[in-house]
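So you can see what is in the structure, the chains are spelled out below.
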Amino acid sequence: MDALLLTKPSFYGSKLPLKANSRKSRGRGLVSTVPRCAMEATFGGNFANFPKFPRMNVWDPYKRLGVTRDASEEEIRGARNFLIQQYAGDESSVESVEAAYEKILMASFRLRKKSKFNLKTSLKKKVDESPSWVKSLLECVELPPTDVILRRLFLFAFMGAWSVMNSAEAGPAFQVAMSLAACIYFLNDKTKSLARASIIGFGALVIGWVCGSVVVPMVPSALLQPTWTLELLTSLVVYVILFLACTFLK
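Residues numbered from 1 in each chain as written. Predicted model: local features only at pLDDT ≥ 70, side-chain atom pairs only at ≥ 80, totals over all residues. Heavy atoms only, no water.

Enquirer: Would you take a moment to explain helix α7 (residues 146-165) for this structure?
Expert: Given 3.6 residues to a turn, an α-helix orients residues that are three or four positions apart in the same direction. Here α7 is 20 residues long and its end C-alpha atoms lie 28 Å apart, about the 28 Å a rise of 1.5 Å per residue gives. Residues V148, I149, R152, F156, M159, G160 and S163 constitute the buried set of α7. All buried residues of α7 project into a common sector of 100° when viewed along the axis, lining one side. For α7, the exposed residues lying more than 90 degrees away from the buried face are T146, L150, R151, F154 and M165. Check the buried side of α7 and you find it contacts α8 (173-191) and α10 (230-248). (Helix = DSSP H or I, 4+ residues; strand = E, 2+ residues; numbered from the N terminus. Expected span 1.5 Å × (residues − 1). Buried < 20%, exposed > 50% of the residue type's maximum accessible area, 1.4 Å probe, protein only. Arc of directions from axis to C-beta. Contact = heavy atoms within 4.5 Å.)

Here you go:
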């Protein structure tokens with residue numbers, strides 16, 4: 001009998017129908033659950049239902065992100081990051097948020113590019129319509145890099161502050177001489193001609209002194225300190241002219 005059972009084993013419950021995705025062997029009392037998909041098998045049969053972005057089909061990218069049209073770049077970026085973090089589990093929601101953010105960026109880029117182009121075009125048109133002497137004057141002027149402007153502005157501002165601080169002790173002759181030397185040095189570095197740099201530097205000094213002598217007496221004395229002499233105030237105007245000459249002249 002034992003040999004017969006070994007050669008012809010029998011299985012109980014093999015023809016029972018499946019119910020609720022489970023298979024039950026009544027003969028042995030075993031229950032086996034069949035996973036619905038590979039994702040469910042990976043996470044132990046508990047498939048998470050991620051939330052979907054409710055404004056996924058909104059056409060306006062600003063309304064889709066929930067920001068106004070006058071919102072700053074930081075506010076738009078913050079709204080985008082918040083929505084991506086909130087709906088990170090749903091791929092279509094993330095793509096919708098990213099698409100709205102890219103539309104806003106592209107629109108902002110086109111607007112800045114168009115404004116810059118219009119500004120250059122209008123300036124060029126005004127220069128072309130200006131008189132010949134204005135064109136000749138503009139040809140002698142250039143715009144250096146921002147760091148160059150800031151360094152030279154700091155130098156001449158320091159000279160002006162130094163002159164004001166020592167106004168009660170001595171005149172600004174030494175500071176003016178130092179400023180003139182710096183102006184000639186910068187012009188020589190630009191023009192590669194010491195003679196031309198010296199002529200422009202001394203010319204700027206004369207122009208600044210004349211302008212200061214004319215403008216300073218018009219300033220009300222109530223706005224000036226008692227220790228601020230006419231020579232000091234004129235030297236401040238000279239510093240401005242020297243700065244403009246060595247920075248913006250070709």
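Enquirer: I'm lost on the packing of α7 against α10 in this one. Help?
Expert: When two helices pack together, their arrangement is given by the angle between the helix axes and by the axis-to-axis distance. Remark: α7 packs on α10, axes separated minimally by 10 Å, with the N-to-C direction vectors making an angle of 165°. By the angle between their axes, α7 is roughly antiparallel relative to α10. Along this stretch, α7 crosses α10, giving a crossing that reads as right-handed. Between α7, through I149, R152, L153, F156, M159, G160, S163 and V164, and α10, the contact on the second element is made entirely by L232, L236, Y239, L242, F243, C246, T247 and F248. Of the residues in the contact of α7 with α10, the class split is twelve nonpolar, three polar and one charged. (Axes fitted to C-alpha atoms, helices over the stretch in contact; angles between N-to-C directions. Parallel < 35°, antiparallel > 145°, perpendicular 65-115°, else oblique. Left-handed = near helix turned anticlockwise from the far one by under 90°. Nonpolar A, V, L, I, M, F, W, Y, C, P; charged D, E, K, R; others polar.)

Enquirer: I tried to follow a nonpolar patch on the surface on my own but got confused; where do I start?
Expert: Residues V206, V210, V214, V215, M218, V219 and L223 make up a contiguous nonpolar surface patch of roughly 660 Å² in combined accessible area. By the element assignment, L223 lies in the loop between α9 (194-215) and α10. Residue L223 is classed as exposed on the basis of its relative accessible area of 64%. (Patch = residues over 30% accessible without salt bridge, like charges linked within 9 Å, V, L, I, M, F, W, Y side chains within 5 Å. Areas by Shrake-Rupley, 256 points an atom, 1.4 Å probe, with all protein chains shown as cover. Salt bridge = Lys/Arg side-chain N within 4 Å of Asp/Glu carboxyl O.)

Enquirer: It is not clear to me how the UniProt feature "transmembrane region" (unreviewed entry) in the protein chain should be interpreted in this structure. Could you clarify?
Expert: Mapped onto the present numbering, the UniProt feature "transmembrane region" (unreviewed entry) falls at residues 171-187, 199-220 and 232-249. Note that residues 171-187 is 88% helix and 0% strand, and that its end C-alpha atoms are spaced 26 Å apart. End-to-end, the C-alpha atoms of residues 232-249 are 26 Å apart, and along that stretch the chain is 94% helix and 0% strand. (UniProt positions renumbered as here; feature names shortened; annotations may be inferred.)

Enquirer: What am I meant to see in the pattern of salt bridges here?
Expert: Side chains that differ in charge, positive against negative, can pair when their charged atoms come close. Here the structure, examined in full by the defined rule, presents six salt bridges. Here D90 ties to K52 by a salt bridge, and the two come within 2.9 Å at their closest N and O atoms. Pair noted here: D90 is in the loop between α4 (73-86) and α5 (91-129) and K52 is in the loop between α2 (38-42) and α3 (61-65), with a separation of 38 residues, a long-range link. Assessed through its relative accessible area of 54%, K52 is described here as exposed. Close ionic contact of K190 with E142 constitutes a salt bridge, the shortest N to O distance being 3.5 Å. Of this pair, K190 sits in helix α8 while E142 sits in the loop between α6 (132-139) and α7, placing them 48 residues apart in sequence.

Enquirer: Just to check I follow, could you spell out the layout of surface pockets for this structure?
Expert: Space left empty within the atom packing is revealed by a probe, the size of a water molecule, rolled over the atoms. Approximately 240 Å³ is the volume found for the largest pocket. Along the walls of the largest pocket sit 15 residues, with E73, I76, I104, S108 and R112 positioned nearest its centre. Residue assignment for the lining of the largest pocket shows that the elements contributing at least two residues are α4 and α5. It is α5 that contributes the most residues to the lining of the largest pocket, eight residues altogether. Partitioned by chemical class, the residues of the lining of the largest pocket number nine nonpolar, two polar and four charged. (1 Å grid on protein atoms, 1.4 Å probe; cavity = no way out; pocket = protein on both sides within 12 Å on 5 of 7 lines; lining within 4 Å. Points joined across faces, edges and corners; volume = space filled by probe spheres on them.)

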